[in-house]
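# Chains, contacts and geometry: an overview
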Amino acid sequence: MKIIHTIKDLQMELLPFRSGGKKIGLVPTMGALHHGHASLVNRSVSDNDITVVSIFVNPTQFNDKSDLEKYPRTFDSDSRLLEACGATYAFVPAVLEMYPEPDTRHFDFAPLDTVMEGQFRPGHFNGVCQIVSKLFDAVKPTRAYFGEKDFQQLAIIREMVRRMNLSLEIVGCPIVREEDGLALSSRNARLSVRERDNALMISKTLFESRAFAKTHTVMETVLFVQDSIHNAPGLRLEYFELVDGDTLQPISQWSDTEYAVGCITVFCGEVRLIDNIKY
Ligand code: PAF
């Protein structure tokens, strides 16, 4: 695997592949890679001729500066994981390479980006769209891979691609969980042993709510999840919403959609964790 730092070098490398009609997979990441990322890279390696994995902690998507500072940076183990998965290139640009000047573009995908994370992390999705559109432009991939754990992000990126008429395929990959149910996240590294134990109630509640939902209304299911998290030690619920998986708008009855998704954000100590489940 080759490590590349500039867009110019990356494009020089990719040129022969592109002109040879080869399929290029892109996996955008912020590093601190885990098995969830590995599943995206593995999928890209099997679908495409070459795979570019970007590692860039994107400052414009952090509305909380201390979150940006505390974001784990683990380049050595990241590059070992990428080698093992068979990635062709790691693209690791500096901030000035991606933002030689401030990005003043404003993306508005309302109402997709105004609910849930959009409400609690103002500007977050604007920053995500800024960096992802720059990466798409630099790599011009055939396909790009994103995890379903960031369910809202995936929906917004699909919408961006549709509205900008970009000719690439967005591939969503299922959440990867630890054996005990905890959704893999780079932020899990910041949990103490006790906090990690507390965090298990998040996925446990979501799985239980899926069984509960079979015989209860949408409102009862929302209350079930809220109560369960409120009563769990060490957790603070930010939101739980039952939404249509395409529009991300809240549903009020099960018949409102064929594709209901429950999206949750919970603080476990200082660490903000997200998860979701399909009903
Ligand atoms: O999901 C992430 O890790 C980031 O939001 C992404 C897509 C790499 C953009 O910085």
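Residues numbered from 1 in each chain as written. Predicted model: local features only at pLDDT ≥ 70, side-chain atom pairs only at ≥ 80, totals over all residues. Heavy atoms only, no water.

### Overview of the side chain of Asn58
Within the secondary structure, Asn58 sits in the loop between strand E3 (50-55) and helix H3 (65-70). Here Asn58 falls in the buried class, since its relative accessible area comes to 0%. At 2.9 Å, the side chain of Asn58 and the side chain of Gln61 are in polar contact. Sequence-distant contacts of Asn58, that is, excluding residues within four places in its chain, are made with Met30, Tyr99, Gly127, Val128 and Ile131. (Helix = DSSP H or I, 4+ residues; strand = E, 2+ residues; numbered from the N terminus. Buried < 20%, exposed > 50% of the residue type's maximum accessible area, 1.4 Å probe, protein only. Polar contact = N/O pair within 3.5 Å; in protein donor to acceptor, adjacent residues only side chain to side chain. Contact = heavy atoms within 4.5 Å.)

### Quick look at the pairing of strand E2 (residues 24-29)
Most of E2 is tucked away: 6 of the 6 residues are buried. The side-chain alternation of E2 yields two buried faces, one formed by Ile24, Leu26 and Pro28 and the other by Gly25, Val27 and Thr29. Across 6 bridges, E2 lies against E3 in parallel orientation. Looking at E3, one finds that Pro28 is bridged to Ser54. With helix H2 (residues 35-47) bridging E2 and the parallel E3, this β-α-β connection has right-handed handedness. Strand direction decides the pairing type here: E2 and strand E5 (residues 143-147), joined by 2 bridges, are parallel. Its bridge partner being in E5, Leu26 is matched across the sheet by Ala144. (Pairing = 2+ DSSP bridges. Right-handed = clockwise from strand over helix to strand, strands pointing away.)

### With respect to the sheet that holds strand E8 (residues 260-268)
Sheet strands associate in pairs through backbone hydrogen bonding, adopting either a parallel or an antiparallel arrangement. Pairing is antiparallel in the open sheet, where 3 strands are placed in the order E7-E8-E9. Either end of the sheet is taken by a strand with one partner, and the two such strands are strand E7 (235-244) and strand E9 (271-278). Here the strands of the sheet are splayed against their neighbours by 15° on average, with no regard to which way each runs. Relative to E8, E7 is paired through 9 bridges, and the arrangement is antiparallel. From the neighbouring strand, Asp244 faces E8, where its bridge partner is Ala260. (Axes fitted to C-alpha atoms, helices over the stretch in contact; angles between N-to-C directions.)

### Some details on the sheet that holds E5
Taken in spatial order, the 6 strands line up as E1-E4-E3-E2-E5-E6 in an open sheet, and their pairing is parallel. What marks the edges here is a single partner per strand, and that holds for strand E1 (2-4) and strand E6 (169-173). Adjacent strand axes in the sheet meet at a mean angle of 25° when their direction is disregarded. Packing against the sheet, helix H4 (residues 75-85) makes contact with E1, E3 and strand E4 (89-91), and its axis sits at approximately 165° to E3. Its contacts with the sheet put helix H7 (residues 124-139) on E2, E3, E4, E5 and E6, and the angle it makes with E2 is roughly 150°.

### Some details on helix H8 (residues 151-163)
Over its 13 residues, H8 extends 19 Å from the first C-alpha to the last, a length consistent with the 18 Å expected when each residue adds 1.5 Å. Counting buried residues in H8 gives 10 out of 13 residues, a clear majority hidden from the surface. Buried residues of H8: Phe151, Gln152, Gln153, Leu154, Ala155, Ile156, Ile157, Glu159, Met160 and Val161, and no others. For H8, the secondary structure elements touched by its buried residues are helix H6 (117-120), H7, E5, E6, E8 and E9. Among the residues trailing H8, Asn165 stands out with phi positive, at a value near 55°. (Expected span 1.5 Å × (residues − 1).)

### Regarding the packing of aromatic side chains
Counted by the stated rule, this structure contains 8 aromatic pairs. Each ring, one from Phe107 and one from Phe109, has its centre 6.1 Å from the other, and the planes form 50°; the classification is tilted. By relative accessible area, Phe107 is classed as buried at 12%. Here Phe151 and Tyr259 contribute two aromatic rings whose centre-to-centre distance is 6.3 Å and whose plane-to-plane angle is 75°, an arrangement assigned as edge-to-face. Residue Phe151 is located in helix H8, and its partner Tyr259 is located in the loop between E7 and E8; the two are separated by 108 residues in the primary sequence. (Phe/Tyr/Trp six-rings, centres within 6.5 Å; stacked < 30°, edge-to-face > 60°.)

### A few points about empty space enclosed by the protein
Enumeration according to the criterion identifies 2 cavities of 30 Å³ or more in this entry. His37, Tyr71, Lys149, Asp150 and Gln153 are the residues nearest the centre of the largest cavity, which is lined by 48 residues in total. Broken down by secondary-structure element, the contributors of at least two residues to the lining of the largest cavity are E2, H2, H7, E5, H8, E8 and E9. Sorting elements by how many residues they give to the lining of the largest cavity places H7 first, with 6 residues. A class-by-class count of the residues in the lining of the largest cavity yields 24 nonpolar, 16 polar and 8 charged. Its boundaries defined by the atoms lining it, the second largest cavity holds a volume of some 70 Å³. Of all elements in the fold, only helix H9 (193-213) and E9 reach the threshold of two or more residues within the lining of the second largest cavity. Counting residues per element, the lining of the second largest cavity draws most heavily on E9, at 3 residues. Counted by class, the lining of the second largest cavity contains 5 nonpolar, 4 polar and 2 charged residues. (1 Å grid on protein atoms, 1.4 Å probe; cavity = no way out; pocket = protein on both sides within 12 Å on 5 of 7 lines; lining within 4 Å. Points joined across faces, edges and corners; volume = space filled by probe spheres on them. Nonpolar A, V, L, I, M, F, W, Y, C, P; charged D, E, K, R; others polar.)

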